[in-house]
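Commentary on secondary and tertiary structure
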Amino acid sequence: HQFDFGRSGSPVASGYTQVTETTSYNAAQGYGWLSGSPASRDRGVGTDLERDFNFVMAAGGTFAVDVGSSGSYSVTVVIGDATVAHPDQGIFLEGVQVDTVSTAAGVFYTQSYVTTVSDGQLTIDLQPLNGAPVVVLNALEVIPISSQQS
């Protein structure tokens, strides 16, 4: 699963599924915003993944992806904004904080994490920390990790 977060009408990176602030979760679709009041921006500069994003404010927000089965997954996020710095962005996977990300204007943070899903649905919680105003999300990739056989 590869998701490009942005505005309706913004370009979508090749091989990615578009997510906008109005992409609410439903079971038939298998992904979307479960909670929060996401908004979006398109800065008009940078790659298709970097130019636009969804963001959540003080109350935070949760994005869900149905992965179909329990197991371990590699989850990669791209976080940043071409024109504004964003401090203290909390990233939580399956309810566990995995990172606090601060980005300078024009800097994009890409990081992968490993998490275990036990209910067939991966949840990504975005929470502003320490009074930060927003958390942004440009892109998300979720890949199952195959168990190694010897």
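The text that follows walks through the structure, step by step, so that each part is easy to find. (Residues numbered from 1 in each chain as written. Predicted model: local features only at pLDDT ≥ 70, side-chain atom pairs only at ≥ 80, totals over all residues. Heavy atoms only, no water.)

Let's talk about the pattern of salt bridges
Here is the rule we go by: Basic side-chain nitrogens of Lys or Arg form a salt bridge, by our definition, when they fall within 4 Å of a carboxyl oxygen of Asp or Glu. By the criteria applied, helices consist of DSSP H or I runs no shorter than four residues and strands consist of E runs no shorter than two, each listed in order from the N terminus. Note on exposure labels: buried denotes an accessible area under 20% of the residue type's maximum, exposed denotes more than 50%, and partly exposed covers the range between, all computed with a 1.4 Å probe on protein chains only.
In total, this model carries two salt bridges according to the counting rule given. A salt bridge links R43 to D81; the shortest N-O distance between them is 2.8 Å. Of this pair, R43 sits in the loop between β4 (39–42) and β5 (52–56) while D81 sits in the loop between β7 (71–80) and β8 (86–93); the two residues are 38 residues apart in sequence, bridging distant segments of the chain. Take D81: its relative accessible area is 0%, and that puts it in the buried class.

Comments concerning the sheet that holds strand β3 (residues 31–35)
Either a parallel or an antiparallel arrangement is found when strands of a sheet pair, and the pairing is made through backbone hydrogen bonds. The criterion, for reference: In this analysis, strands are considered paired if DSSP registers two or more bridges between them. A fitted line through C-alpha atoms represents every axis, and for helices the fit uses only the stretch in contact; the resulting angles, taken between N-to-C directions, go from 0 to 180 degrees.
Taken together, five strands build an open sheet; the order of strands is β3-β6-β11-β8-β9 and the sheet is antiparallel. Pairing within the sheet leaves two strands with one partner each, and these edge strands are β3 and β9 (96–103). This sheet shows a mean twist of 25° between the axes of neighbouring strands, independent of strand direction. Bridging between β8 and strand β11 (residues 121–128) involves five bridges; their strand directions are antiparallel. Counted as the bridge partner of G90 is Q127 from β11.

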